[in-house]
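This is what each chain is made of:
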Amino acid sequence: MKKKKNLAPYAYVIPGLLMVLGFVYIPIIVNLVYSFFRLSSYSASMKFVGLDNFRRLFTNETFPIMIRNNVYYCVISLICQVGFGTFLAFMLESNLIGDRFKTVCRNIYFIPALVSLTAVGMMFNFIYNPQMGLLNTMLKHFGFVSLQQTWLGDRNLAIFCIIAMSQWQFTGYITLLMVVAFQNVSRDYIEAAVIDGAGPVRRAWNIVLPLAKEQLLVCSIITVIGAFKLFTEVYSTTVGGPGNSSQVLGLFLYQNAFLHDDMGMAAATGVLIFIITVTASIFQLKVSHSGEV
Amino acid sequence: MTRKFKKALSLGMAAIMTLGLTACGGSSDSTATTAAGGAATTADASAPAASGDTKVIKLFHRFPDDPCNGFIESKIAEYESLHPEIKFEVTSAQNQPYKEKIKVVVGSDECPDIFFSFCGEFSERFIREGLLLDLTPYMEADQEWKDSLMESQMKEYTTADGMVYGIPFRLDAKEFFYNKDIFTKLGLEAPQTWDQFIEVLDKIKESGMDPIAEGNQDKWPSAHYIGALNEQLVTDETRAADYNPKSGEFTDPGYAEALEKYQQLVSYMNIGVNGMTHDMARLGFTQGQNAILFGELVEITNIKQENPDLNWGMFKFPEIEGAKGNMNLVSGAPEGFAVSSKTKYPDECVEFLKWFLGAETGAQQAEQVGWFNASKGLDKTLTDESLKSAYDVIANAEKMDIWFDNALYSTVCDEYLTQISDITNGDVTPTDAMAKIQKVAKEAQSLAQ
């Protein structure tokens, strides 16, 4: 007997599919095409230049600086947000802290993530202000005058100041995601482990963490992707300065598109960011054996 | 408990994602909700839009902050009541997002009829694409109008082949502002030459104060020193050739000398020049912690807001004795409005600009906003002394020298600003900086067709 094909589910899927196609996949392909042309946003003329945009991108003097800054951001975020954030989540789920205090902590950690990125940038501009900023004032107050810096104005420190700002903002976000994952871990396993005599560290490491692996993976993927799409944090503070010392790929893309009327170069940068993020995501999925327990 | 928590969590997540989305829009969304697509209008919504007689003129400007925004709105309402057949749709955005938005809309069918446009390269790239209306015939037809505007300012809105493409809305120039009380206390006088200037700076520094307030986080403020120094240290012809992307080389030794002179000034500035914005640094001047500010005339409004009691004066950029360049230039440029070449109502647009950027409105604008347009004789009605002297600076200028960062081709400008930023920190020498700028200028020759 032949089963009659049910078409209704497909009909429901198609509108969404078309939207994704129209707003995500087609632009990606168009972007790839643009990266081989020289064009600006207001002019109708397009000139085919082959791989020249990519050559100019890779030989640009700021290119190594951008990659370095994005990698710094990525590595530090993985350690601080995902690593330390997960540790905080463990603490919040452990029996070391009282229930009420847990909720308070969770909210305190999470609130920075609710603030708009631009607002955070503005705020940290004041904190880092060398003359009247909170940071230098505090250092002076506690007698560490020698530690006072120009922060965002120092080429060696600027990018780290920006990275620090992001850690402040998003560690609590990862913590919250991990808390949810840990709460989903069945109590049965943990009780069984307790009966077998496993201490808190072993329980966390060998039982809870492997069971929350998928969530951990999601967290690390969004962190890595976020690191290479980095834009607003830099744009709202140093705009790449001093010199080019805090330049990143996302800002470079934007400046080429809207400041230098070089949409082709911007598209080429977009392609590079896309390749990096896709590769990093696939790599993480493979390494973590996602889907297997 | 967990379920409740999860529910709250998912709501929270939704909130974050929305926040994330708005944050991604970042610069644009936060500043100008009205700008996108020209959704919001100041025109009365109940007006009979269907009636065929109504002419809708779209106007896009970059002054969303009061008092200017309120002034523009009130003037447009006034114009609409005088001309019932015309309705305006006004949108605005902050400076930085404005520059991006206008580039995107100007080539499209959504292009506003009248829009703010910087003079020089910013507008000329649109002219190369045939996007701006040639105002020359209108000026020729109305000699009275032409004569009522300052030539030195109109020159900036005229191309090399004589096409007038914009009318100034506010005039601006860069001057040194100084704290008169501090100068009197230390027995100093406003310097006229570079050597006197350095002497003054030394004396202020000896008194235990950082003489100059400056913040270069946005990179353009320091470029204005270089622009002013280049005027004096490099001849007009050489600069004209170098600022043109097709022939720019920047090999004249005067450019490196300008960077050296700037480096000398940095040692007299407040700490952390690169670590704060110009506006923040200005507070140092207005609060009396620094004695000197290299500021724009349009900042007078801010100085008055920040400290109405400050006793201040102005002096010109000091003359470098024996320099081979031009000593009589004033750094600065008018900012004004242009008309799209695609507009359906060119005559109406020009008629409006004549009124909006004319003497009568200009006098009210100076009174209410503290900025003046290019109409002659505004000083007759000005009551405020500081505005009067500011107006004199521009009215007496024989020729303006457009802002350095506006004069340069975008990639050259970017490199120049980057190098100046590094020089401010002492991370690069003037000679090395110029070598890098020369390299980018060479590349730009092939990019600028």
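Parameters and conventions
- The numbers attached to residues start from 1 for each chain and follow its sequence in the written order.
- For naming, the first written chain is A and the first written ligand is 1, with later ones following in the order written.
- The model is predicted, so local features are restricted to residues of pLDDT at least 70 and side-chain atom pairs to those at 80 or more, both for listing and for counting; the totals for chains, interfaces and linings are taken over all residues.
- Just so you know, side-chain values use all the structure's heavy atoms and leave hydrogens and water out.
- Note on method: axes are straight lines fitted to C-alpha atoms, helices fitted across the in-contact stretch only, with angles between N-to-C directions ranging 0 to 180 degrees.
- Every helix listed is a DSSP run of H or I at least four residues long, and every strand listed is a run of E at least two residues long, numbered separately from the N terminus.
- Should an angle lie under 35 degrees it is considered roughly parallel, over 145 roughly antiparallel, and from 65 to 115 roughly perpendicular; all remaining angles are considered oblique.
- Rotating anticlockwise by less than a right angle from the far helix to the near helix defines a left-handed crossing, while the corresponding clockwise rotation defines a right-handed one.
- Here, residues are in contact when the closest pair of their heavy atoms is within 4.5 Å.
- A pair of strands is labelled paired if DSSP reports no fewer than 2 bridges between them.
- Of the two site types, the cavity is a set of points on a 1 Å grid over the protein atoms alone where a 1.4 Å probe fits but cannot get out, and the pocket is an open set with protein on both sides within 12 Å along at least five of seven lines, each lined by residues with an atom within 4 Å of a point.
- Grid points are joined across faces, edges and corners, and a volume is the space filled by probe spheres set on the points.
- Throughout, the ten residues Ala, Val, Leu, Ile, Met, Phe, Trp, Tyr, Cys and Pro are labelled nonpolar, Asp, Glu, Lys and Arg are labelled charged, and all others, Gly among them, are labelled polar.
- Only protein chains enter the accessibility calculation, which uses a 1.4 Å probe; a residue is then buried when its area is under 20% of its type maximum, exposed when over 50%, and partly exposed in between.

Concerning the packing of helix 7 (residues 158-184) of chain A against helix 10 (residues 213-228) of chain A
Residues and elements named next belong to chain A.
Thinking step 1. Here helix 7 crosses helix 10 at 160 degrees, and the two axes come no closer than 9 Å. The angle between the axes of helix 7 and helix 10 places the two elements in the roughly antiparallel class. Viewed along their axes, helix 7 and helix 10 form a crossing whose handedness is right-handed. In contact with Y173, I174, L177, M178 and A181 of helix 7, helix 10 contributes Q215, L216, C219, I222 and T223.

Digging into the sheet that holds strand 10 (residues 335-339) of chain B
Residues and elements named next belong to chain B.
Thinking step 1. Read from one edge to the other, the open sheet built from five strands follows the order 2-1-3-10-4, with strand pairing classed as mixed. A strand with exactly one partner marks an edge of an open sheet, and here the two such strands are strand 2 (86-92) and strand 4 (167-170). On average, each strand axis in the sheet is inclined to that of its neighbour by 35 degrees, with strand direction left out of account.
Thinking step 2. Across two bridges, the pairing between strand 1 (residues 55-61) and strand 3 (residues 114-118) is parallel. Looking at the pairing, F60 lines up with F115 of strand 3.
Thinking step 3. Across the sheet, helix 3 (residues 95-106) touches strand 1 and strand 3, and the angle it forms with strand 3 is around 120 degrees.

Structural notes on empty space enclosed by the protein
All names here are of chain B.
Thinking step 1. Applying the stated criterion across every chain, the model contains five cavities of 30 Å³ or more.
Thinking step 2. Together, 14 residues line the largest cavity, and E231, K316, F317, L329 and V330 are the ones closest to its centre.
Thinking step 3. Secondary-structure elements contributing two or more residues to the lining of the largest cavity are strand 5 (174-179), helix 10 (220-233) and strand 9 (329-331).
Thinking step 4. Residues of the lining of the largest cavity, tallied by class, amount to six nonpolar, three polar and five charged.
Thinking step 5. Approximately 60 Å³ is the volume found for the second largest cavity.

Comments concerning the pairing of strand 7 (residues 292-296) of chain B
Residues and elements named next belong to chain B.
Thinking step 1. Here strand 7 lies mainly inside the structure; five of its five residues are buried.
Thinking step 2. Here strand 7 shows no split at all, with I292, F294 and E296 on one side and L293 and G295 on the other all buried.
Thinking step 3. Two elements, strand 5 and strand 7, share five bridges in a ladder whose sense is antiparallel. Residue pairing for strand 7: F176 is matched across the bridge by F294.
Thinking step 4. With two bridges joining them, strand 6 (residues 212-213) and strand 7 adopt parallel strand pairing. By the bridge assignment, A213 is partnered in strand 7 with L293.

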